[in-house]
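Structural overview
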2 protein chains.
Amino acid sequence: MSTDPSVDLAALTALLDGRYAEVRDLVRTNLVKYASVLEEAETLDRAAFRERVRDLVVEMAATGQTGMGFPEQYGGGGDIGASLAAFETLAFGDLSVLVKVGVQFGLFGGAILQLGTEPHHAAYLPDLITGRLMGCFAMTETGHGSNVQALGTVATYDAEAGEFVITTTEPDANKDYIGNAAAHAELAVVFAQLEVAGERHGVHAFVVPIRTGAGPGAGKPAPGVSIEDDGLKMGLNGVDNGRLWFDHVRVPREALLNRFADVSEDGTYSSDIDNPDRRFFTMLGTLVQGRVCVGGAGINASKVALAVAIRYALRRRQFEATSQDQEELLLDYGQHQRRLLPLLAHTYALHFAQEVVAGECHRVFSGEVDGDPDEQKQRRELESRAAGTKALGTWHATRTIQECREACGGAGYLAENRFTALKADTDVFTTFEGDNTVLLQLVAKGLLTDYASEFEELDQLGMVRYVAGLAVETVVERTSAHNLLERVRDLLPGGDEWDQEAGLFDSAYQQAMLQFREEHMLGGVARRLKRGIDEGVNPGEVFSLVQDHVIHAARAHVERLVLDAFVDKVDAMEDGDNKVVLGMLLDLHALSVIEADRAWFMEHGRLTASRSKAISREVNALCRRLRPLAGDLVDAFGVPPEMLRSAELLGLSDRTGSPRTA
Amino acid sequence: MSTDPSVDLAALTALLDGRYAEVRDLVRTNLVKYASVLEEAETLDRAAFRERVRDLVVEMAATGQTGMGFPEQYGGGGDIGASLAAFETLAFGDLSVLVKVGVQFGLFGGAILQLGTEPHHAAYLPDLITGRLMGCFAMTETGHGSNVQALGTVATYDAEAGEFVITTTEPDANKDYIGNAAAHAELAVVFAQLEVAGERHGVHAFVVPIRTGAGPGAGKPAPGVSIEDDGLKMGLNGVDNGRLWFDHVRVPREALLNRFADVSEDGTYSSDIDNPDRRFFTMLGTLVQGRVCVGGAGINASKVALAVAIRYALRRRQFEATSQDQEELLLDYGQHQRRLLPLLAHTYALHFAQEVVAGECHRVFSGEVDGDPDEQKQRRELESRAAGTKALGTWHATRTIQECREACGGAGYLAENRFTALKADTDVFTTFEGDNTVLLQLVAKGLLTDYASEFEELDQLGMVRYVAGLAVETVVERTSAHNLLERVRDLLPGGDEWDQEAGLFDSAYQQAMLQFREEHMLGGVARRLKRGIDEGVNPGEVFSLVQDHVIHAARAHVERLVLDAFVDKVDAMEDGDNKVVLGMLLDLHALSVIEADRAWFMEHGRLTASRSKAISREVNALCRRLRPLAGDLVDAFGVPPEMLRSAELLGLSDRTGSPRTA
């Protein structure tokens, strides 16, 4: 690499856009067409902005953009991967629009599609795909967010009338934070404890009309339904979140979304899945696309922030440094490179990791695994990967947007420069579609139980007992440092000293480091769980004591998956400058991930002090080498300039230093 | 400690409130009286909210709360420490009110007081203290924020007319982000390059009327002045930030705030300070109170977030854990303790560090150091300490508020639960009154030059050359590990093995660790600077290459000061449960600071792998021990319940699960 590589921008964008370049371009076109919504978010009052967002979602629906994941026979596009790509790309624009699309087509539409059967599809899909029929997804309650199995809404079957009676049974059992509920939804998919003939069967979903009257948004609450607005939120105020109470609301027997369970007219409950926990998690599992979508949205929102901050750092000068005649560009400061460029590298890494999980999602939901002997395991692995990528992608968004705002100084605080909306709107991404901490626990559970068939039946305590009950060899040995070292020894030079001898820029070394960490941590968690139970400690207390290790292990696992995805991507590229550049980004990503946890590696004998310091030096050096390419690397994301706004900050304004108003 | 200690709440609040308990209580009373402003921030439109905030500031001024730092002869309180305490406490409430107070009384009033002389005081202070006269502080320009010395506004003296002519000379030289400028200020203190008889004398401050007409806010822009609204911001929308352009605006000779320099009628420039850089930094130095205030505000805003999140975690249950009958309280989860309790400990530490810097500020600005042989050094040390505490306090606020929001899940996203405003309003704290990164560079400069008298004349490049030019023994040796080890050896058991032998809970050990780190880092920076220059590298490039070390070293210094302040506080307490409890908090603070940088300590031979792991275990154990005290520890902050809002989240609502509207 004697000459500096340059970026082939078009080819890099094509690489990032991947299989769904056309779909992404359709969304880009729509975003530009409706770019005014970014300003309307600031100028319209809340009620008017909600209407504007609704109208815009309906208009976008007419272009086919939002219905790609639905079957063609009902007016959809029949391509789940396209649907995920379209949603992700929408995150370049106003995020109320994004979330409204997610609520209507992902959550509401997705529940009808995945949990319902043909009559439900025929009755609702054609109208919901066009947006004529608006609905909401009423799962979360004030008292129960993460622990959905403990919901307090009850649906009792009245065999005489052939109806379900839906009731909010206790304080805090009202539905809460429900998007589309406060103003626009005619229907709700309501999750409630099903009770038939005095017996509880766990949480099921029902289609419940919550507003009367045909005109969307024009209706009043249906009899027995109370609706309250959630009020002002930190962001996403173009989405009408609300609370719902049900006071003996009657719906026909056919309102049960009966793909996984049914109640006969005479009140006989039946399901192909006997275990109620597994039944519930199977239902939830079908809704995994929501998590895939939110993760992708977080990653793409990060791209917008980086595009603004890096482009600004390439024109803003402050303080004399290398020259006495001219102030220094911000991005020529070592510290500024350190702030932004590793985040840029992580964004590329997460983009490719998201491509993998979206691809898996497409494969699983397009029927490609149906009937495979390990179909269930594949589904569970997808759920785990979606949960993990969502957690890392959304935390990455929070961190990146904050860093980019600060890197733009006071200018970053002005609303027109995008960070205001990005920060406020993405904030809840770390919480909704699953709290990130809870999601990482789910990831750990899958790893610790090796996605055993019991997996879905296990709550936290069950998981503790399950792992503690395993023979030592099954978990602890599987993840022992010894075995792992044997495995990596063959891949890397240096034999037992692989971690000292291998080159820092060898991907196999970087992968081995993350794999060692993951397996060592998992083994440690398993050992701790076993020891706690063996010592007679209450399983809940054992869990609490080990919880930070559980989460760290899950995070280590997902970081390994992200790195693997990036390595695979670069390996598959044709030789050329772009491959060289992405290789540098890959090194920066991998080494700064290792650097961030270098204390752990030193504590566990996998990094000497001097090698640890060398890694920090190389991170700095990589930042310096990538700095001339940084502009191209954010341009390659293909965020339409209209989505960046920031005219003055980016020097796109035609102002020449005089006020706009006299 | 066989029995668990309990908190004496009143005594702990008294300890926190310190010398100015009465002042803090006055502010608390005012905050409660005007508590409706927290909702008005959400319900009023921007223009109306600005007026509301202005009115409220004027009403608060009438209670004496905002004028405590001004001399009594003009209607002030004559007590700088009281003024700082009052301002900090105001951060429990709406932060637009806080910042408006800061703009009017701190920046505008402070500039008149500190840079002006008796005629200016007599002319302006009485009316500005009551809020009858509103003003702004016009320093920052679009093109120059951090590098204030390079401002593009020019004030040319016209000897014939005996007037200064103020002009915005180039694009981006307009004043920007100026609080009070868009609507309310009649006067501006304008910072401009002074030019007398063709000679430039550096940046000076001038009183310039920017609006005509007496009625506050009623006036139009004065002739030659153009005003533009900065528009919607991420937060603080009760403050009217704006841009100012000056087109040959004439002000009388007396408009120069002439404490440090003057221009005679015939156009002769004079100043007691010959060096223009030092003159400028002396002027800036008088304005240090602003930084002290912002740091304190960040720390106190963190208390509000912690009060909500910890109280919520003590009533919210989710998932079964230790009991099958009842879900687990959030704060009984190990991970939840890890998220919140170290932040609580850091908040206490920063509170006491802020008390020290505020005390120093009071001492220096109450004339107590005037004429001391090292008066200048004391002033420079105060500036450095203020800069460092501001940087750490405001970054702490950003981090703590974010963590607390996430710890409250979806409920944290609703505006009524305070995080919306806390997050949006405090965001700019890391940038205004000095960008945190730039401030830490200032801290490092002071340390590297030992606050030499040349200190203030040195820009980044000058600093590089200065340090590189020192004899090795002056900086490098002063901070050598060898000397440091000798010093700590006497304090701690274990001789040369002090870092292995001392108890983790020994404050002397904790302090020695942070001191070792700081001095080692500073020595490293000095060596790198010297080496770079010796090798003939461009000083700017040397600086850029070393910049991350510079900032890390400064941070290490400030963290050491924070720890020392906490240790001193606890040492001075009378024996009793409160001392035991604060001692535990101190350990949690110190050990989690060491833990966060344990990689560095391992890299530099001051921590073995096993001791590093032991520290993490002790952090967890301390969280567990402090968990039963967490509620009292946030209550002790004395945040009025009205400032927390969050009625439903905290279980203070009288709702019983039914909707507010049918």
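Residues numbered from 1 in each chain as written. Chains lettered and ligands numbered in written order. Predicted model: local features only at pLDDT ≥ 70, side-chain atom pairs only at ≥ 80, totals over all residues. Heavy atoms only, no water.

What to know about the overall build of chain A
We count it as follows: Going along the chain from the N terminus, every DSSP run of H or I of four or more residues is numbered as a helix, and every run of E of two or more is numbered as a strand. Note that the radius of gyration is over C-alpha atoms, with the globule rule given as 2.2 Å times the number of residues to the power 0.38. Throughout, exposure labels follow a simple rule: accessible area from a 1.4 Å probe, protein chains only, divided by the maximum for the residue type, with under 20% read as buried, over 50% as exposed, and the rest as partly exposed. Only heavy atoms enter the contact rule, under which two residues are in contact if any of them lie within 4.5 Å. In this description, accessible areas are obtained by the Shrake-Rupley approach with a 1.4 Å probe, and a residue is regarded as covered only by the protein chains that are shown.
Assigned secondary structure in chain A consists of 24 helices and 13 strands. In terms of overall size, chain A behaves like a compact globule, its C-alpha atoms giving a radius of gyration of 26 Å where 662 residues would be expected to give roughly 26 Å. Dimensions of chain A, computed from the C-alpha atoms along their principal axes, are close to 85 × 75 × 40 Å. Counting over 662 residues, chain A shows a buried share of 64%. Considering only contacts in chain A between residues 6 or more positions apart, those separated by 24 or more positions represent 73%. Total accessible area computed for chain A in this model is approximately 22,800 Å², and 49% of it derives from carbon and sulfur atoms.

Quick notes on unusual backbone geometry
Across residues other than glycine, the phi torsion is negative in most instances, and most of the peptide bonds are trans. Located in the positive-phi region is Glu433 of chain A, a residue other than glycine, with phi close to 55°. When you line up the elements, Glu433 of chain A lands in the loop between helix H12 (419-426) and helix H13 (436-448). Residue His248 of chain B is not a glycine yet carries a positive backbone phi of 50°. In this fold, His248 of chain B is placed in the loop between strand S8 (241-246) and strand S9 (249-252).

As for the nonpolar core
Basically, it comes down to this: Residue types Ala, Val, Leu, Ile, Met, Phe, Trp, Tyr and Cys, when buried and joined through side-chain atoms within 4.5 Å, form a set referred to as a nonpolar core.
Formed by 387 residues in total, the largest nonpolar core has its most connected members in Phe191, Tyr348 and Leu633 of chain A together with Phe191 and Tyr348 of chain B. With residues up to four places along the chain from it excluded, the contact list for Phe191 of chain A reads Leu115, Phe137, Ala138, Met139, Leu151, Thr153, Lys175, Val203, His204, Ala205 and Leu287 of chain A.

Section: the pattern of salt bridges
All names here are of chain A. Condition: Whenever a carboxyl oxygen of Asp or Glu lies within 4 Å of a side-chain nitrogen of Lys or Arg, that contact is scored as a salt bridge.
Applying the stated criterion across every chain yields a total of 74 salt bridges over all chains. Arg54 serves as the salt-bridge partner of Asp55, at 3.4 Å between the closest nitrogen and oxygen. Where Glu518 meets Arg560, a salt bridge forms, and the shortest distance between an N and an O atom there is 2.8 Å. In this pair, Glu518 is assigned in helix H18 (residues 507-534) and Arg560 in helix H19 (residues 539-572), connecting sequence segments 42 residues apart.

Examining the relation of the copies chain B and chain A
Selection rule: When the copies are superposed, the least-squares fit draws on C-alpha atoms of residues that have pLDDT of at least 70 in both.
In the superposition of chain B on chain A (RMSD 0.0 Å, axial shift 0.0 Å), the rotation amounts to 180°. What the rotation and shift describe, once combined, is the action of a two-fold rotation axis. For chain B, the minimum C-alpha distance to the rotation axis belongs to Ala599 of chain B and amounts to 2.1 Å. Interface overlap between copies is the fraction of interface residues in one copy that are interface residues in the other; for chain B against chain A it reaches 99%, indicating a shared surface.

Considerations on helix H11 (residues 375-407) of chain B
An α-helical turn contains 3.6 residues, so any two residues separated by three or four positions project in the same direction. All names here are of chain B. Selection rule: Each residue after the first adds 1.5 Å to the expected span of a helix.
With 33 residues, H11 extends 47 Å between its outermost C-alpha atoms, agreeing within 8% with the 48 Å of an ideal straight helix rising 1.5 Å per residue. With respect to burial, H11 is a largely interior element, 27 of its 33 residues being buried. Positive phi shows up at Gly409, right after H11, with a value of about 60°.

Considerations on helix H5 (residues 80-90) of chain B
Residue and element names in this part refer to chain B. Within H5, 11 of the 11 residues are buried, which leaves it mostly tucked inside the rest of the structure. Restricting attention to buried positions, one finds in H5 the residues Ile80, Gly81, Ala82, Ser83, Leu84, Ala85, Ala86, Phe87, Glu88, Thr89 and Leu90. Of the surrounding secondary structure, the elements contacted by the buried residues of H5 are helix H2 (21-33), helix H4 (46-62), helix H6 (95-115), helix H9 (289-313) and helix H10 (334-365).

Concerning the sheet that holds strand S8 (residues 241-246) of chain A
Residues and elements named next belong to chain A. Under the convention used in this document: Any two strands with at least two DSSP bridges between them are considered paired. Whenever a helix is involved, its axis is fitted only over the stretch in contact; in every case the axis is a line through C-alpha atoms, and angles between N-to-C directions fall within 0 to 180 degrees.
Within the open sheet, the three strands sit side by side as S4-S8-S7. Their pairing is antiparallel. The sheet terminates laterally at strand S4 (175-179) and strand S7 (225-229), the two strands that pair on one side only. Neighbour-to-neighbour, the strand axes of the sheet open up by a mean angle of 35°, direction not taken into account. As defined by bridge partners, S4 adjoins S8 across three bridges and the pair is classed as antiparallel. Bridged to Lys175 within S8 is Leu244.

Quick notes on the interface of chain B and chain A
Just so we agree on the cut-off: By definition, the buried area sums, over both parts, the 1.4 Å-probe accessible area that each loses when the two are put together. Polar contact is defined as a pair of N or O atoms within 3.5 Å, subject to the rule that within protein one atom must be able to donate a hydrogen and the other to accept it, and that residues adjacent in sequence are counted only when both atoms are side-chain atoms.
The interface of chain B with chain A comprises 94 residues on the first partner and 94 residues on the second. Between chain B and chain A, a total of about 7,800 Å² is buried, with carbon and sulfur atoms accounting for 49% of that surface. Applying the counting rule to chain B against chain A returns six salt bridges. In this structure, Asp427 of chain A and Arg405 of chain B form a salt bridge, with 2.4 Å as the shortest nitrogen-oxygen distance. Linking chain B to chain A there are 56 residue pairs in polar contact (both at pLDDT 80 or more).

Notes on the sheet that holds strand S4 (residues 175-179) of chain B
Remark on secondary structure: sheet strands pair via backbone hydrogen bonds, oriented parallel or antiparallel. Residue and element names in this part refer to chain B. Reading across the sheet, the three strands line up as S4-S8-S7 and stay open at both edges, with antiparallel pairing between neighbours. Both outer strands of the open sheet, S4 and strand S7 (225-229), are each paired with one neighbouring strand and no more. Here the strands of the sheet are splayed against their neighbours by 35° on average, with no regard to which way each runs. Here S7 runs beside S8; their pairing, made up of five bridges, is antiparallel. Its bridge partner being in S8, Asp229 is matched across the sheet by Gly242.

Quick word on the pairing of strand S2 (residues 153-158) of chain A
Residue and element names in this part refer to chain A. Taken together, the six bridges between S2 and strand S3 (residues 163-168) define a ladder with antiparallel strand orientation. Within the sheet, the bridge partner assigned to Asp158 lies in S3 and is Glu163. What sits between the antiparallel neighbours S2 and S3 is a turn of four residues, in which Gly162 has the positive phi angle 65°. With three bridges joining them, S2 and strand S5 (residues 187-196) adopt parallel strand pairing. Pairing of Ala155 across the sheet is with Leu194, part of S5.

Things to note about the packing of H5 of chain B against H9 of chain B
All names here are of chain B. Threshold: When the near helix sits turned anticlockwise from the far one by under a right angle, the crossing is termed left-handed; a clockwise turn instead gives a right-handed crossing. Under the scheme applied here, ten amino acids are nonpolar (Ala, Val, Leu, Ile, Met, Phe, Trp, Tyr, Cys and Pro), four are charged (Asp, Glu, Lys and Arg), and all others, including Gly, are polar.
With their axes 8 Å apart at the nearest point, H5 and H9 run at an angle of 40° to one another. Crossing of H5 over H9 shows right-handed handedness. Side by side, H5 and H9 meet where Ile80, Leu84, Phe87, Glu88 and Thr89 of the first sit next to Gln289, Val292, Cys293, Gly296, Ala297 and Asn300 of the second. Looking at the contact of H5 with H9 residue by residue, the class counts come to six nonpolar, four polar and one charged.

Regarding the side chain of Asn180 of chain A
Residues and elements named next belong to chain A. Within the element layout of this structure, Asn180 appears in the loop between S4 and S5. Since its relative accessible area comes to 0%, Asn180 is described here as buried. What Asn180 contacts, discounting residues up to four positions off in sequence, is Lys100, Val103, Gln104, Met134, Gly135, Cys136, Ala185, Arg211, Val239 and Asp240.

Some details on the state of the cysteines
Residue and element names in this part refer to chain A. Rules: Pairs of cysteine sulfur atoms within 2.5 Å are identified as disulfides in what follows.
Inspection of the entire model under this criterion finds zero disulfides over all chains. Here Cys136 stays free of any disulfide, with the sulfur of Cys293 as its closest cysteine sulfur at 18 Å. The thiol sulfur of Cys404 is not disulfide-bonded, and the nearest other cysteine sulfur, from Cys408, lies at 6.9 Å.

So, the pairing of strand S12 (residues 317-320) of chain A
Residue and element names in this part refer to chain A. In terms of strand pairing, S12 meets strand S13 (residues 327-329) through two bridges, oriented antiparallel. Paired with Arg317 across the strands is Leu329, a residue of S13. Hairpin connection from S12 to S13: six residues lie between these consecutive antiparallel strands.

Quick notes on the side chain of Gln510 of chain A
Here Gln510 of chain A lies in helix H18. Take Gln510 of chain A: its relative accessible area is 0%, and that puts it in the buried class.

Some words on the environment of Gly409 of chain B
All names here are of chain B. Positionally, Gly409 belongs in the loop between H11 and helix H12 (419-426). Using a relative accessible area of 14% as the deciding quantity, one classes Gly409 as buried. Once the C-alpha coordinates of Gly409 and Ala309 are considered, the two residues, 100 residues apart in sequence, prove to be 9.9 Å apart.

As for the packing of aromatic side chains
What counts here: Pairing of aromatic side chains requires ring centres within 6.5 Å, counting the rings of Phe and Tyr and the six-membered ring of Trp. Pairs whose planes differ by under 30 degrees are stacked, by over 60 edge-to-face, and all others tilted. In this scheme, the term charge over a ring applies when either NZ of a lysine or CZ of an arginine sits within 6 Å of the ring centre and within 35 degrees of the ring normal.
Inspection of the entire model under this criterion finds 20 aromatic pairs over all chains. Pairwise contacts between aromatic rings join Tyr348, Phe352, Phe566 and Phe637 of chain A into one cluster. Between Arg611 of chain A and the ring centre of Tyr509 of chain A, over which it is positioned, the NZ or CZ distance is 4.6 Å. Its end group placed over the ring of Phe516 of chain B, Arg606 of chain B keeps NZ or CZ at 4.9 Å from the ring centre.

Concerning the confidence of the model for chain A
For residues with low pLDDT, the predicted coordinates do not support detailed interpretation. Stated formally: Each residue gets a pLDDT score, which is the predictor's confidence in that residue and runs from 0 to 100.
Model confidence for chain A is summarised by a mean pLDDT of 92, while 93% of its residues fall at 70 or above. Here the predicted complex carries an ipTM of 0.94, next to a pTM of 0.95.

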